[in-house]
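Working through the structure, step by step
Now for the letters of each chain:
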Amino acid sequence: MFIATLAGCRNKTAGGSEQITDTNAGISEDAETVTEQDTQNQETGDPETASEESARAVSETDGTVSGTVQMEGNIMKITAGDTAFTVTLADNSSVDALKELLAEGSLTIDMSDYGNMEKVGSIGTSLPRNDEQITTGAGDVILYQGSSLVIYYDTNSWNFTRIGKIEGVTKEELLDAFGSGSVTVTFTLE
């Protein structure tokens, strides 16, 4: 299951670069379009697209647009001791490669504390990178240099590849689960 919050719409320009446009206008129209597309997809017998689009919700809060798209198979579980967290995965080639790795079985990583802001550990192989400038927050799961997974419990700004996010978790909850030193963490595909 994949959940994404949209603050804008990415469009490819003729030159191949991405342009992000504000989608705050026309929220009602977007919701109606989703409903129309869902109906058309159901009529044409495309159940996968119909179910994805019917899961989308468009709403406005404090002047921002958020949409939720849920797709089966985009959830990862992170377990440390008796505590488990659910990670909503991003949509990129790094996540696809990680999912292939996790399809073979759980991945257990010894993770250590770094900079009083994260737990980091080597995955034992390299995954494709999709680095972008990111400012992390509590619950962000990041691929660092293609070969390490990082779980953030505080902020940092750097070029990383986004793997996913533990939604609604606080720094304190993460520190309670992972402790202040090294910890063994298991990653599994849901």
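Note that the structure is a prediction, hence the values are computed from the model and not measured.

Moving on, we get to the overall build of the protein chain. Within the protein chain, the regular secondary structure consists of four helices and 13 strands. Looking at the protein chain as a whole, 35% of its 190 residues qualify as buried. Pairs at least 24 apart in sequence give 61% of the contacts found in the protein chain among residues at least 6 apart. Per element, the accessible surface of the protein chain, about 10,500 Å² overall, is 45% carbon and sulfur.

Looking now at helix H4 (residues 171-178). The complete set of buried residues in H4 reads Leu174, Ala177 and Phe178. One side of H4 holds all its buried residues, which, seen down the axis, span an arc of 85 degrees. For H4, exposure combined with an orientation more than 90 degrees from the buried face picks out Glu172 and Asp176. Packed against the buried residues of H4 are strand E5 (75-80), strand E6 (83-89), strand E8 (118-122), strand E11 (148-152), strand E12 (157-166) and strand E13 (183-189). The first or second residue beyond H4 is Gly179, which carries a positive phi of 75 degrees.

Another point: helix H3 (residues 93-103). Given 3.6 residues to a turn, an α-helix orients residues that are three or four positions apart in the same direction. Among the residues of H3, Ser94, Val95, Ala97, Leu98 and Leu102 are the ones counted as buried. Along the axis of H3, the buried residues cluster in a sector spanning 160 degrees; they form a single face. Away from its buried face, by an angle of more than 90 degrees, H3 presents the exposed residues Glu100 and Ala103. Check the buried side of H3 and you find it contacts E5, E6, strand E7 (107-114), strand E10 (140-144), E12 and E13. Where H3 begins, the side chain of Asn92 points an oxygen toward the backbone nitrogen of Ser94, at a separation of 3.0 Å. Taken from the residues just after H3, Gly105 is the one with a positive phi, measuring 145 degrees.

Here the focus is the packing of aromatic side chains. By the definition in use, this model includes three aromatic pairs. A centroid spacing of 5.8 Å and a plane angle of 45 degrees characterise the contact between Phe85 and Phe178, whose relative ring orientation is tilted. With Phe85 in strand E6 and Phe178 in helix H4, the pair connects residues that are 93 residues apart, well separated along the chain. Judged by its relative accessible area of 11%, Phe85 falls in the buried class. Pairing Tyr152 with Phe160 gives two aromatic rings, centres 5.7 Å apart and planes at 55 degrees, and the pair type is tilted. Here Phe160 falls in the buried class, since its relative accessible area comes to 3%.

For Thr161, the location among the structural elements is in strand E12. At a separation of 2.8 Å, a polar atom in the side chain of Thr161 contacts the main-chain amide nitrogen of Asn130.

Low-pLDDT stretches of the model should not have their predicted coordinates read in fine detail. Predicted confidence across the protein chain gives a mean pLDDT of 73, with 62% of residues reaching 70 or more. Low confidence marks residues 1-72, where pLDDT is under 50. Its contacts with residues over four positions away, or in another chain, come to 85 contacts.

Thresholds, definitions, all that
Residues numbered from 1 in each chain as written. Predicted model: local features only at pLDDT ≥ 70, side-chain atom pairs only at ≥ 80, totals over all residues. Heavy atoms only, no water. Helix = DSSP H or I, 4+ residues; strand = E, 2+ residues; numbered from the N terminus. Buried < 20%, exposed > 50% of the residue type's maximum accessible area, 1.4 Å probe, protein only. Contact = heavy atoms within 4.5 Å. Areas by Shrake-Rupley, 256 points an atom, 1.4 Å probe, with all protein chains shown as cover. Arc of directions from axis to C-beta. Polar contact = N/O pair within 3.5 Å; in protein donor to acceptor, adjacent residues only side chain to side chain. Phe/Tyr/Trp six-rings, centres within 6.5 Å; stacked < 30°, edge-to-face > 60°. pLDDT = per-residue confidence, 0-100.

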